[in-house]
Amino acid sequence: MSDVIATERLTKYYGTRCVVNGLNLRVQSGGVYGLLGRNGAGKSTTIRMLLGMAHPTYGRAEILGHDVTRLPPEVRGRIAYLAEGHPLFGWMTVGQAIRFIRAFHPQHWNQNLLDQVLEHFELPLGKKIRRLSNGQRAHVALALAIAPDPDLLILDDPTIGLDTVARREFLVSLIHVIQREGRTILFSSHILSDVERMADRIGILVDGVLRVDCPTDHFKETVRKVVLQFGGTPPAFPGCEGLVNAAVDGRRLELLIVDFGLAQQEIIESLSPLSWDVLDLNLEDAFIEYTRGSRPPLFATADSGPPNGVTASREEGRRHEE
Amino acid sequence: MEFRLEASSRLPIYRQIVQQVRQGAARGQLKPGEQLPSVRELSRILVVNPNTIARAYVELEREGILNNQPGRGVFVAEPRAQLAKEVRRRRLIELVDKFLTEAVHLGFSEAEVQRLVAARSEQFQWEPSRLETRS
């Protein structure tokens, strides 16, 4: 199988701030890749670079075998992009929006597929886009994106701003798209359980670095929480293979690690903790662990010590937000 | 049979499906010859990537629990003894030991565990032993 997306040390600085750091991402033909990350982790910037909308500071990226900085129009026509928030012209009706987008795709237009989605979700052609609910607008945007029968579909956090019901319905739509074989999909999300349902492969971006890149099942089966107990403030964690997150909680250092094994064990023991434990965790736990980052505890306990170091890292985190 | 996915489960989705089919067959909720939804149907019902469903079905077929008949569909297989007697015995002993270890650590007495096993056992559909007839 060939790679539809391949990046090599793809890096983006905004001023002195590194938003995407040495990204080596590969998405295979026909695969569904879920790119997970918190706000500001670098998901949107990565996607914008893949589409040639932002220029990499270093490194390079190829889509469908072409360098993204020189994508020929006919290759661009085979890529569909669903921007965050599903921007469409609010003053158009659904029918007008369809005619508008269709005019850009004289060669490929699958009206049948489009009609199926519109019918399934009972989207009236005569209704103004701005009068649709967020969920309805998301369906229209997805239907318009897939109507030209693209080889590659890139969705930037498509379920953001949708309530639980609308989110689930959007995923139903997406399943419909996935079932049409041969199409490659890259979607970003901040919801781990959505990624689990949709994606064959999962990538987790933390502060611009791709910390996890493996089959979704493998991630779920091998993600572990490791808790190290210290006599005082824990030392800074030097990092290890598969590390998703490291957080200090008082005298505890909590690590989230994929594929925990001997190599990681050695690094942990080199810190000489009083004790350490490996815990299994479910996907929701993993998500909470992962999203919580290095925040000071909500209620400081007597033994938690001065939170100075932790506060500094929170400042760091805020600066990373886009 | 109704499939249910638990977001809070530690098991990957394909494992949850494998487990539910396995359990359904063991409890008699799934009868031999009964048809299961196709990969595409179940993918839509559960809102899950079809590859995940396919993976679960392939695994269940490998275990001899399902029978995929191309063009016709996926069916619950007739129970058959695929593994030699000794292999099956060893596998069961491994599971029993794991279960008993857990029971000891949870602080149950031997009598309590035996009563519990007998009670739960009634929920299942048993067949005459297939161990004696083979190998």
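Conventions and cut-offs
Residues numbered from 1 in each chain as written. Chains lettered and ligands numbered in written order. Predicted model: local features only at pLDDT ≥ 70, side-chain atom pairs only at ≥ 80, totals over all residues. Helix = DSSP H or I, 4+ residues; strand = E, 2+ residues; numbered from the N terminus. Buried ≥ 20, exposed ≤ 12 C-beta atoms within 10 Å, placed from the backbone. Contact = placed C-beta atoms within 7 Å. Nonpolar A, V, L, I, M, F, W, Y, C, P; charged D, E, K, R; others polar. Domains from an automatic or database assignment. Pairing = 2+ DSSP bridges. Axes fitted to C-alpha atoms, helices over the stretch in contact; angles between N-to-C directions. Parallel < 35°, antiparallel > 145°, perpendicular 65-115°, else oblique. Left-handed = near helix turned anticlockwise from the far one by under 90°. Expected span 1.5 Å × (residues − 1). pLDDT = per-residue confidence, 0-100. Core = buried A, V, L, I, M, F, W, Y, C linked by C-beta atoms within 7 Å.

Re the overall build of chain A
Reasoning step 1: In terms of helices and strands, chain A carries 11 helices and 15 strands.
Reasoning step 2: Residue burial in chain A is summarised as follows: out of 322 residues, 38% are buried.
Reasoning step 3: Sequence separation of at least 24 residues holds for 69% of the intrachain contacts in chain A that already meet a minimum separation of 6.

Some words on the environment of His 105 of chain B
Residues and elements named next belong to chain B.
Reasoning step 1: Relative to the helices and strands, His 105 is located in helix α4 (residues 85–105).
Reasoning step 2: Accessibility expressed as a C-beta count within 10 Å gives 8 for His 105, which makes it exposed.
Reasoning step 3: Separated by 33 residues in the primary sequence, His 105 and Arg 72 place their C-alpha atoms 48 Å from one another.

Brief notes about the interface of chain A and chain B
Reasoning step 1: Each side of the interface is counted separately: chain A has 20 residues, and chain B has 15 residues.
Reasoning step 2: For the side of chain A that touches chain B, the elements supplying multiple residues, two or more each, are α6 (164–178), α7 (192–198), α8 (216–222) and α10 (283–292) of chain A.
Reasoning step 3: The biggest single contributor to the side of chain A that touches chain B is α6 of chain A, with 5 residues.
Reasoning step 4: A class-by-class count of the residues in the side of chain A that touches chain B yields 8 nonpolar, 3 polar and 9 charged.

Looking at the domain arrangement of chain B
Size of an interface, as often reported, equals the accessible area lost when the parts are brought together.
All names here are of chain B.
Reasoning step 1: Domain annotation of chain B identifies domain 1 (13–76) and domain 2 (81–135).
Reasoning step 2: At the junction of the two partners, domain 1 supplies 4 residues and domain 2 supplies 4 residues.
Reasoning step 3: The residue inventory of the side of domain 1 that touches domain 2, partitioned by class, reads 1 nonpolar, 2 polar and 1 charged.

A look at the sheet that holds strand β14 (residues 252–258) of chain A
Residue and element names in this part refer to chain A.
Reasoning step 1: Strand order in the open sheet formed by 4 strands is β13-β14-β12-β15, and the pairing between neighbours is antiparallel. Whereas interior strands pair on both sides, the edge strands pair on one side only; in this sheet they are β13 (243–249) and β15 (275–280). Each neighbouring strand pair of the sheet contributes to a mean axis angle of 20 degrees, computed without reference to strand direction.
Reasoning step 2: One ladder, built from 6 bridges, connects β13 with β14; its direction is antiparallel. Bridge pairing in β14 places Asn 245 opposite Leu 256.

Digging into the sheet that holds strand β2 (residues 66–69) of chain B
Residue and element names in this part refer to chain B.
Reasoning step 1: Spatially, 3 strands are ordered β1-β3-β2 in an open sheet, and the strand pairing comes out antiparallel. Both edges of this open sheet fall to β1 (35–36) and β2, since each of them pairs with a single strand only.
Reasoning step 2: As defined by bridge partners, β2 adjoins strand β3 (residues 73–76) across 4 bridges and the pair is classed as antiparallel. Each residue of the ladder has a partner; that of Leu 66, found in β3, is Val 76.
Reasoning step 3: Packing against the sheet, helix α3 (residues 50–62) makes contact with β2 and β3, and its axis sits at approximately 110 degrees to β2.

A look at the packing of helix α4 (residues 111–120) of chain A against helix α5 (residues 134–146) of chain A
Residue and element names in this part refer to chain A.
Reasoning step 1: Where α4 contacts α5, the axes come no closer than 9 Å and their chain directions differ by 170 degrees. If you check the angle between α4 and α5, you find them roughly antiparallel. The two elements α4 and α5 meet at a crossing, and its hand is right-handed. For the pair formed by α4 and α5, the contact residues are Leu 113, Leu 114, Val 117 and Leu 118 on the first element and His 139, Leu 142, Ala 143 and Ile 146 on the second.
Reasoning step 2: Of the residues contributing to the contact of α4 with α5, the split by class is 7 nonpolar, 1 polar and no charged.

With respect to the pairing of strand β11 (residues 209–215) of chain A
All names here are of chain A.
Reasoning step 1: Summarising the sheet, strand β10 (residues 201–206) and β11 pair through 6 bridges and their orientation is antiparallel. Bridge pairing in β11 places Leu 205 opposite Leu 210.
Reasoning step 2: Counting the residues that bridge the hairpin from β10 to β11 gives 2 residues, and of these Asp 207 lies at a positive phi of roughly 45 degrees.

So, α6 of chain A
Reasoning step 1: A rise of 1.5 Å per residue sets the reference length of α6 of chain A, with its 15 residues, at 21 Å; its end C-alpha atoms lie 21 Å apart and thus fit the reference within 8%.
Reasoning step 2: For α6 of chain A, the complete set of buried residues consists of Arg 167, Glu 169, Phe 170, Leu 171, Ser 173, Leu 174, Ile 175, Val 177 and Ile 178 of chain A.

Some remarks on α3 of chain B
Residue and element names in this part refer to chain B.
Reasoning step 1: Look at α3: 18 Å from first C-alpha to last across 13 residues, which is about the 18 Å you get at 1.5 Å a residue.
Reasoning step 2: The complete set of buried residues in α3 reads Thr 52, Ile 53, Arg 55, Ala 56, Tyr 57 and Leu 60.
Reasoning step 3: As for α3, its buried residues are in contact with α1 (13–26), α2 (39–46), β2 and β3.

Let's talk about the confidence of the model for chain B
All names here are of chain B.
Reasoning step 1: Considering every residue of chain B, the mean pLDDT works out to 86; 92% of them sit at 70 or more.
Reasoning step 2: β1 holds the highest mean pLDDT among the elements of chain B, 94, whereas α4 holds the lowest, 87.
Reasoning step 3: Here the predicted complex carries an ipTM of 0.75, next to a pTM of 0.77.

Let's talk about the pairing of strand β12 (residues 223–229) of chain A
All names here are of chain A.
Reasoning step 1: With 7 bridges joining them, β12 and β14 adopt antiparallel strand pairing. Looking at β14, one finds that Val 226 is bridged to Leu 255.
Reasoning step 2: In this sheet, β15 lies alongside β12 in antiparallel orientation, the contact comprising 6 bridges. Opposite Arg 224, over in β15, you have Asp 280 as the bridge partner.

What to know about the nonpolar core
Reasoning step 1: Among the nonpolar cores identified, the biggest contains 75 residues, and Ile 63, Leu 144 and Leu 153 of chain A are the most heavily contacted of them.
Reasoning step 2: At 8 residues, α5 of chain A tops the list of elements feeding residues into this core.
Reasoning step 3: Two domains each provide a minimum of three residues to this core, namely domain 1 (3–207) and domain 2 (224–319) of chain A.
Reasoning step 4: Contact partners of Leu 144 of chain A, with chain neighbours within four places excluded, come to Ala 97, Ile 98 and Ile 101 of chain A.
Reasoning step 5: Of all hydrophobic cores here, the second largest spans 18 residues; its members include Tyr 14, Tyr 57, Leu 60 and Leu 66 of chain B.

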